[in-house]
Amino acid sequence: MKYNCLIVDDEKVLADSTAEYFNLFGISTFAVYGAQSCRKFFEYNTAELILLDINLGDGSGFDLCRELRETTDIPILFVSARTSDDDKIVALNIGGDDYVQKPYSLGVLSAKVKAVLKRCAGSGRACYSDGNLFVDFGAKQVVVNGRTVKLTALEFRLLAFLIENKGRVVSKSELFDKVWGSKFTGDGTLNVHVRKIREAIESEPNAPKYIVTVWGDGYKFVGGNE
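Residues numbered from 1 in each chain as written. Predicted model: local features only at pLDDT ≥ 70, side-chain atom pairs only at ≥ 80, totals over all residues. Heavy atoms only, no water.

Enquirer: Any chance you could explain the sheet that holds strand β8 (residues 127–129) here in plain terms?
Expert: Across the sheet, which stays open at both edges, the four strands sit in the order β8-β9-β10-β11 with antiparallel pairing between neighbours. Each edge of the open sheet is held by one strand with a lone partner, namely β8 and β11 (147–149). For this sheet the average axis-to-axis angle between neighbouring strands, irrespective of direction, equals 20 degrees. With four bridges connecting them, strand β9 (residues 133–136) and strand β10 (residues 141–144) associate as antiparallel partners. Counted as the bridge partner of D136 is Q141 from β10. Of the strands in this sheet, β8, β9 and β10 are in contact with helix α6 (residues 153–164), which crosses β9 at around 105 degrees. (Pairing = 2+ DSSP bridges. Helix = DSSP H or I, 4+ residues; strand = E, 2+ residues; numbered from the N terminus. Axes fitted to C-alpha atoms, helices over the stretch in contact; angles between N-to-C directions. Contact = heavy atoms within 4.5 Å.)

As structure tokens, then:
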């Protein structure tokens with residue numbers, strides 16, 4: 001069976017109430033309570049997005065995310081009561097697309113999930129190529145100097161949005177709204193994703209030629225031929 005959202009959280013009452021709320025508002029959702037039950041779910045079902053807790057009764061959400069990233073690039077939103085900045089950085093570095101703090105508002109979380117699902121629905125866009133960087137928007141493929149590089153779903157959407165606005169300074173608030181679908185995303189989250197993209201596509205990530213920072217304003221994508 002195909003679901004919009006899979007919740008993986010060992011807090012059964014919270015997971016079930018979140019799933020019930022999502023289903024009530026048109027987000028088909030299923031809840032499981034551990035890493036092994038998540039693996040079992042994907043043997044017979046699919047999901048377009050995962051809400052994943054860090055602390056699971058039978059394992060670590062971090063380890064499960066790494067495992068899932070070997071076979072899927074669907075968005076993974078970590079949902080946790082842990083407040084350490086280190087946890088947030090790890091979550092993003094291993095392939096998570098966002099980090100949501102518990103306790104959360106069901107209304108805010110459902111709006112974020114709907115925005116992510118909408119942005120993952122696909123498009124008929126073509127490609128970007130400058131002889132060094134090749135981006136296939138439809139296939140969600142990035143190739144640098146003939147070598148395919150891997151980006152998370154959210155990193156790809158961020159890169160694609162910057163390319164679509166090539167030569168224009170895009171403010172952080174616009175990126176939060178258009179890429180994340182939320183005005184509640186923080187600067188730290190955005191900075192981590194930009195750094196990961198630079199590490200993937202730039203020959204010198206600390207002296208970027210594609211994604212440049214416009215201090216006080218935002219970011220600008222500068223084509224490789226410029």
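That covers the picture; the talk isn't over yet.
Enquirer: Sorry, what's going on with the packing of aromatic side chains here?
Expert: The geometry of an aromatic ring pair comes down to the distance between the two centres and the angle between the two planes. Tallied over the full model, the rule gives nine aromatic pairs. Plain terms: the ring middles of F41 and F42 are 5.0 Å apart, the flat faces sit at 90 degrees to each other, and that makes the pair edge-to-face. According to the relative accessible area criterion, F42 is partly exposed, its value standing at 29%. Measuring from ring centre to ring centre gives 5.4 Å for Y128 and F221, while their planes differ by 85 degrees; the resulting arrangement is edge-to-face. Taken together, the residues Y128 in strand β8 and F221 in strand β14 (residues 218–221) connect sequence positions 93 residues apart. (Phe/Tyr/Trp six-rings, centres within 6.5 Å; stacked < 30°, edge-to-face > 60°. Buried < 20%, exposed > 50% of the residue type's maximum accessible area, 1.4 Å probe, protein only.)

Enquirer: What am I meant to see in the sheet that holds strand β12 (residues 170–171) here?
Expert: The strand order across the open sheet built from three strands is β12-β14-β13, with neighbouring strands paired in antiparallel fashion. Single-partner strands in this sheet number two, and they are β12 and β13 (211–214). Here β13 runs beside β14; their pairing, made up of four bridges, is antiparallel. Note that in β14 the partner of V212 across the bridge is K220. In this fold helix α8 (residues 187–201) packs onto β13 and β14, with an angle of close to 145 degrees to the strand it touches most, β13.

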